[in-house]
Amino acid sequence: MKMIVGHQPYKSEFVEVNMETKMTYGNQNLNRDVIKYIAMLTMLLNHISQIFMKSGYFLSELFLDIGYFTAITMCYFLVEGFQYTHSKKNYAIRLLIFALISEIPYCMAFATNGVLEFQGLNMLFTLLICFIILIVNDKVSNKILKYICILGLIILSLSCDWALLAPIFTLLFIWSRGSKNKIKYAFIFSMLLFGLFNFVGGIGRFSSGTNIVYALGSMSGIALAGIVILYFYNGKRMKKGKVFSKWFFYLFYPVHLLILGLIRIYCL
């Protein structure tokens, strides 16, 4: 989910969570794995829009905006499952390995002037940075040192997809952890922040009216993620197929980017 300011696309990915959350909100019937499958679909639509569709048309903008559902959803599940992860070291290593595997497909898929161009670091690198932020928040007791480290990691994300935003989402979910009302505010703030990013990026590129419409549209994916998690998520994983889902979520990112990249190259 590659972030380019001015209502431009984003690319994102999926993180495993090894827990049954302690907080449920009612009679919701969507489990964590189902929501992740939805997030993969919305990400795919976002990437199809970016790579193959002309911007400015209703369908391309719809696919693009719906796709913004994914990154914030993955940040939410990353924070939710952090304290229940059996081995944080192994978790980080898996993220790093799949981030490295995904980099060439990522650059292939989003190249604009040829077969392969460096497009920055992919979303799995961003999620790895967010995971390290969680570790720093958990392990560093000195507040000044903690804030310096977190600031450094946020700056480091500037070389990655969803720069700045994914770390901020992560910090908001750390702040809101365990409170439904705070989670609601975290989603609202994230939605407004993302809309502001897109509005500022569109200044000088679009008329004021068009820019406002694009900014509002870009907020819809994050709003949808908030609605799904707050009102439909039951706090559980699916009972069967957990191992399959775990590895499928990891593999989907590089594989779908590779396929889209090869199709793009074939169509050149």
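A. Main features of the confidence of the model for the protein chain. Averaged over all residues, the pLDDT of the protein chain equals 89, while 90% of them reach at least 70. Per-element confidence in the protein chain is highest for helix α7 (residues 165–176), whose mean pLDDT is 98, and lowest for helix α9 (residues 208–218), whose mean pLDDT is 92. This stretch, residues 4–22, has a pLDDT under 50; its non-local contacts, to residues over four places away or in other chains, come to 111 contacts.

B. Structural view of the nonpolar core. Core analysis: the biggest nonpolar cluster contains 68 residues, and Tyr76, Leu95, Trp162, Phe169, Phe173 and Phe187 have the highest contact counts within it. When residues in this core are grouped by element, the largest group, 11 residues, is from helix α5 (residues 123–139). Ignoring anything within four residues of it in the chain, the contact list for phenylalanine 187 reads Ile72, Tyr76, Phe173, Ile222, Ala225, Gly226, Ile229 and Leu230.

C. Representation of the pattern of salt bridges in the model. According to the stated counting rule, one finds 3 salt bridges in the structure shown. As a salt-bridge pair, arginine 32 and glutamate 80 come within 3.2 Å of each other at their nearest N and O atoms. Residue arginine 32 is located in helix α1 (residues 32–52), and its partner glutamate 80 is located in helix α3 (residues 69–81); the two are separated by 48 residues in the primary sequence. Overall, the relative accessible area of 8% leaves glutamate 80 in the buried class. Aspartate 33 is the partner of arginine 237 in a salt bridge, and the nearest nitrogen-oxygen pair spans 3.0 Å. Placement of the pair is arginine 237 in the loop between α10 (220–231) and α11 (242–266) and aspartate 33 in helix α1, with a sequence separation of 204 residues. The exposure classification of arginine 237 matches that of aspartate 33, with both residues buried.

D. The arrangement of the side chain of asparagine 46 in detail. Along the chain, asparagine 46 turns up in helix α1. Within polar-contact distance, the side chain of asparagine 46 engages the backbone oxygen of leucine 64 at 2.8 Å.

What counts and how
- Residues numbered from 1 in each chain as written.
- Predicted model: local features only at pLDDT ≥ 70, side-chain atom pairs only at ≥ 80, totals over all residues.
- Heavy atoms only, no water.
- pLDDT = per-residue confidence, 0-100.
- Helix = DSSP H or I, 4+ residues; strand = E, 2+ residues; numbered from the N terminus.
- Contact = heavy atoms within 4.5 Å.
- Core = buried A, V, L, I, M, F, W, Y, C linked by side-chain atoms within 4.5 Å.
- Buried < 20%, exposed > 50% of the residue type's maximum accessible area, 1.4 Å probe, protein only.
- Salt bridge = Lys/Arg side-chain N within 4 Å of Asp/Glu carboxyl O.
- Polar contact = N/O pair within 3.5 Å; in protein donor to acceptor, adjacent residues only side chain to side chain.

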